[in-house]
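Working through the structure, step by step
Here's the letter readout for the chains.
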Amino acid sequence: MSGAIDDWLDQLREGVADAETNEQFQQWLDVMSRFHEYSTQNQLLIALQRPDATRVAGFNTWREEFDRTVQKGEQAIWIWAPIMAKQCPACGNSPSYCEGSACEGSEVPADEWERGVVAFKPVPVFDVSQTEGEPLPEVDMAASGDASALAPALEAVAHERGYDYSLVPEAEWSHGSAKGVCAPRSDPPVIEILDCGNTADQARTAIHEFAHAELHAERSDDEHSTTEVEAEAVAYVVAQHFGLDASTSALYVTAWSGEAVETIDERLGRIQRTARELIDAVRPHVTFEEEEPASSQ
């Protein structure tokens, strides 16, 4: 099996290299990079006000950066935005607040204070579905293939490992554009998968979240992009082993990291081990007769 895993990881590396030269994909990356990453608190506020939101931005941002306008009558989604100002090194407040407080001041002159977050204010944003105008570029990153036997096998493994695992209907999904989420440090780990109707992509997503549960419960020091590349590399290998076409995983890892290949190489042992363990755990629950991959012979 180890030979096949190495072959698939080589294919993933090649796919990443191709993605980096794909003009349409790079255009998509450029557009997506202009959207803010919101805090957990703001993500929750967005989900509570508009559970189906996928991409949100302010009124002027939609108009000036994306050539889209908010449609008449649309209700804003309210989130918290930071107020930036010069910050007292002693009390952390703005100059005006610092002067009127009991702060004893700082030896650093006020004109040398660095800017930082001194407060928050509510601001309105709108989801892309509330706007009209120039279309945003789309890239299909979904896996394909027959996952009719793999999907229930993954659910069985989730129960065996004690995960709090659930498949969530689109109408109840509260995680924006994510296809799956994992809280690996919860006890037990919580995994939610969007029921999007594509069982192959749901299976690939489930494997990705399983990898987070296995790899990242004890690694709080890892950067988010590194953990995403690592989890998707595992998902690619396991999905390929069970006959799915997960070639678009290369787009996923490229979207997360400009050093995807380096991350795969650096974490190669962890990726190989976790992929092998998940394959061994899933295989007894797969009810169809597997064909041995040609690359492992």
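Before going further, it helps to examine the environment of Pro137. Among the structural elements, Pro137 can be located in the loop between β5 (131–133) and α6 (150–160). You can call Pro137 buried: its relative accessible area is 18%. When the C-alpha atoms of Pro137 and Leu29 are compared, they prove to be 9.1 Å apart, with 108 residues separating the residues in sequence. Discounting chain neighbours no more than four positions away, the residues touching Pro137 are Gln27, Trp28, Val31 and Met32.

Right, let's get into the packing of aromatic side chains. Considering all chains together, one arrives at seven aromatic pairs under this definition. Between Phe35 and Trp62, the aromatic rings sit 5.6 Å apart at their centres with planes inclined by 65°, giving edge-to-face as the arrangement. With Phe35 in the loop between α2 (23–32) and α3 (40–49) and Trp62 in helix α4 (residues 59–66), this residue pair connects regions lying 27 residues apart in the sequence. Residue classification places Trp62 among the buried positions, given a relative accessible area of 0%. Ring geometry for Phe59 versus Phe126: centroids 6.5 Å apart, planes at 70°, classification edge-to-face. Highlighted residues: Phe59 in helix α4 and Phe126 in strand β4 (residues 115–127), separated in sequence by 67 residues. Assessed through its relative accessible area of 8%, Phe126 is described here as buried.

Moving on to the pattern of salt bridges. Under the defined criterion, the tally for this structure stands at 13 salt bridges. Here Glu64 makes a salt bridge to Arg63, at a shortest N to O gap of 3.8 Å. With relative accessibility at 41%, the residue Arg63 sits in the partly exposed group. Notably, a salt bridge pairs Arg204 with Asp201, separated by 3.0 Å at the nearest N-O pair. Here Arg204 pairs with Asp201, and both are found in helix α7 (residues 199–215), just three residues apart, close to one helical turn.

Turning next to a negative patch on the surface. On the surface, a cluster of negative charge is contributed by Glu20, Glu223, Glu259 and Glu262. Inspection of the secondary structure puts Glu262 in helix α10 (residues 260–266). Accessibility expressed as a relative area gives 48% for Glu262, which makes it partly exposed.

Before going further, it helps to examine unusual backbone geometry. Note that the residue after Asp187, namely Pro188, is joined by a cis bond; omega there is 5°. Note that Pro188 resides in the loop between β7 (180–183) and β8 (190–195). Backbone geometry places Asp67, a non-glycine residue, at a positive phi of 55°. Along the polypeptide, Asp67 turns up in the loop between α4 and β2 (68–70).

What follows covers the sheet that holds strand β6 (residues 164–169). The three strands lie next to each other as β6-β8-β7, forming an open sheet whose pairing is mixed. The two strands at the open ends of the sheet, each matched to only one other strand, are β6 and β7. Within the sheet, the average angular offset between the axes of one strand and its neighbour, ignoring direction, is 15°. For β7 and β8, the ladder comprises four bridges, and the chain directions are antiparallel. Bridging across to β8, Gly180 finds its partner in Ile193. Docked against the sheet, α7 engages β6, β7 and β8, running at close to 165° with respect to β8.

As a further point, take α6. Leu150, Ala153, Leu154, Val157 and Ala158 are the residues of α6 that are buried. Angular distribution of buried residues about the axis of α6 spans 145°; they occupy a single face of the element. Along its buried surface, α6 packs onto β6, α7 and α11 (268–282). Looking one or two residues past α6, Gly162 carries a phi angle of roughly 80°, positive in sign.

Calculation rules
- Residues numbered from 1 in each chain as written.
- Predicted model: local features only at pLDDT ≥ 70, side-chain atom pairs only at ≥ 80, totals over all residues.
- Heavy atoms only, no water.
- Helix = DSSP H or I, 4+ residues; strand = E, 2+ residues; numbered from the N terminus.
- Buried < 20%, exposed > 50% of the residue type's maximum accessible area, 1.4 Å probe, protein only.
- Contact = heavy atoms within 4.5 Å.
- Phe/Tyr/Trp six-rings, centres within 6.5 Å; stacked < 30°, edge-to-face > 60°.
- Salt bridge = Lys/Arg side-chain N within 4 Å of Asp/Glu carboxyl O.
- Patch = residues over 30% accessible without salt bridge, like charges linked within 9 Å, V, L, I, M, F, W, Y side chains within 5 Å.
- Areas by Shrake-Rupley, 256 points an atom, 1.4 Å probe, with all protein chains shown as cover.
- Lys, Arg positive; Asp, Glu negative; His and termini not counted.
- Charge placed at Lys NZ, Arg CZ, Asp CG, Glu CD.
- Pairing = 2+ DSSP bridges.
- Axes fitted to C-alpha atoms, helices over the stretch in contact; angles between N-to-C directions.
- Arc of directions from axis to C-beta.

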